[in-house]
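Survey of secondary and tertiary structure
Each chain, written out:
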Amino acid sequence: ARAFPFGAIEVFRTLDAPIALAGYEVPAGTVIALSKVGASQDEACAGAEPRAFRPERYMPDAVAARKEANNTFIDHPAIKTPFSFGPRMCLGARLAQVEIYSLLSRLVQDYEFELAPEHRDTHFDMVARAGNVPSPSPHFVVRKVQS
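Below is a summary of the structure that appears in this document. Counting of residues starts from 1 at the beginning of each chain's written sequence and follows it residue by residue. Residues qualify for local features only when their pLDDT is at least 70, as the model is predicted, and side-chain atom pairs are given and counted only at 80 or more; totals for whole chains, interfaces and linings, by contrast, use all residues. Computation of side-chain values covers all heavy atoms of the structure but excludes hydrogens and water.

**Quick notes on the side chain of Gln97**
Strands here mean DSSP runs of E at least two residues long; helices mean DSSP runs of H or I at least four residues long; both are numbered from the N terminus. Its location among the elements puts Gln97 in helix 5 (residues 93-110). For the purposes of these results, a polar contact is taken to be a pair of N or O atoms within 3.5 Å, where, inside protein, one atom must be able to donate a hydrogen and its partner to accept one; residues adjacent in sequence count only when each atom of the pair is a side-chain atom. Only 2.8 Å separates the side chain of Gln97 from the side chain of Arg94, close enough to count as a polar contact.

In structure tokens, the structure reads:
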């Protein structure tokens, strides 16, 4: 979700007070937008190789090292969640997450999923469309688990 966020891809806020942003003075009342896609793929924000799949970025020692270096941008809730965060968070976020977990747990209980033989050695890239999807589209073999 960090490298290829889904859902809302920008966070808009109105400044309560003037600020200096990237060397510019921005007056109070200005609406600013944070692009999750742009920020999550910028090395200055996301660290080295931001487009690479590196789940170790979120291991406790890596998070602690970023805190010591004052580089915690990718750990901020606005970047990591599709439902925004804080008082402006989507009201249905919790319900949507519970529904997703329930559906996935039911599917994993009732079915076995396996990457189709023709895709086992395939490298997949993510492509931005209406949502972010793998390319080429992977094919799966799905079998119902015998009770």
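Read on, since the account is not over.
**Structural notes on the side chain of Arg57**
Tracing the sequence through the fold places Arg57 in the loop between helix 2 (43-46) and helix 3 (60-68). At 6.8 Å, Glu49 is the nearest oppositely charged side chain to Arg57, a buried residue that forms no salt bridge. Of note is the side chain of Arg57, whose polar atom sits 2.9 Å from the backbone oxygen of Ala52. Only protein chains enter the accessibility calculation, which uses a 1.4 Å probe; a residue whose area is less than 20% of its type maximum is buried, one above 50% is exposed, and one in between is partly exposed. Counting rule applied: Lys, Arg positive; Asp, Glu negative; His and chain ends not counted. By definition here, a salt bridge exists when the distance from a side-chain nitrogen of Lys or Arg to a carboxyl oxygen of Asp or Glu is within 4 Å.

**Description of a nonpolar patch on the surface**
Taken together, Ile100, Tyr101, Leu103, Leu104, Leu107, Tyr111, Phe113, Phe140 and Val142 make up a surface patch of nonpolar side chains, about 890 Å² in accessible area. Elements supplying a minimum of two residues to the nonpolar patch: helix 5, strand 5 (111-115) and strand 8 (140-144). It is helix 5 that provides the largest number of residues to the nonpolar patch, a total of five residues. Relative to the elements of secondary structure, Tyr101 occurs in helix 5. For patch detection, residues must exceed 30% relative accessible area and be free of salt bridges, and they are connected within 9 Å for like charges or within 5 Å for nonpolar side chains (Val, Leu, Ile, Met, Phe, Trp, Tyr). For accessible areas, the Shrake-Rupley method is used with a probe of radius 1.4 Å. Any residue's cover is judged against the shown protein chains and nothing else.

**Here we look at the pattern of salt bridges**
Any two side chains of opposite charge can pair, on the condition that their charged atoms come close. For the structure on display, the rule yields five salt bridges. When the shortest N-O distance is used, the salt bridge between Glu114 and Arg120 registers 2.2 Å. For Glu114, a relative accessible area of 30% puts it in the partly exposed group. Residues joined by salt bridges that share partners form a network here, namely Glu112, Glu114, Arg120 and Arg143.

**Some thoughts on helix 5**
Residue count minus one, scaled by 1.5 Å, sets the expected span of a helix. In a regular helix each residue adds 1.5 Å, so 18 residues correspond to 26 Å; helix 5 covers 26 Å between its end C-alpha atoms and thus fits that length. Here helix 5 has its buried residues at Ala93, Gln97 and Asp110. Elements that come into contact with the buried residues of helix 5 comprise strand 5 and strand 8. Whether two residues touch is decided by their heavy atoms; if any such pair falls within 4.5 Å, the residues are in contact.

**Examining the packing of aromatic side chains**
Each aromatic ring pair is specified by the distance between its two centres and by the angle formed by the two planes. Centre distance within 6.5 Å is the pairing criterion for rings of Phe, Tyr and Trp, where only the six-membered ring of Trp is used; planes under 30 degrees apart are then read as stacked, over 60 as edge-to-face, and the remainder as tilted. One pass over the full model with this rule turns up one aromatic pair. The lysine or arginine in question, Lys144, covers the ring of Tyr111, its NZ or CZ lying 5.2 Å from the ring centre. Here, a charge over a ring is recorded when the distance from Lys NZ or Arg CZ to the ring centre is within 6 Å and its angle to the ring normal is within 35 degrees.

**Re the environment of Phe83**
Its location among the elements puts Phe83 in the loop between helix 4 (77-80) and helix 5. Between the C-alpha atom of Phe83 and that of Ala93, which follows or precedes it by ten residues, the distance is 6.0 Å. Apart from residues lying up to four places away in sequence, Phe83 is in contact with Met89, Cys90, Ala93, Ala96 and Gln97.

**Here's the deal with unusual backbone geometry**
Even without a glycine there, the phi angle at Ala22 is positive, about 55 degrees. Assignment of secondary structure puts Ala22 in the loop between strand 2 (19-21) and strand 3 (24-26). On the accessibility criterion, Ala22 (74% relative accessible area) is exposed. Even without glycine at this site, Glu49 takes up a positive phi of about 50 degrees. With respect to the element layout, Glu49 can be found in the loop between helix 2 and helix 3.

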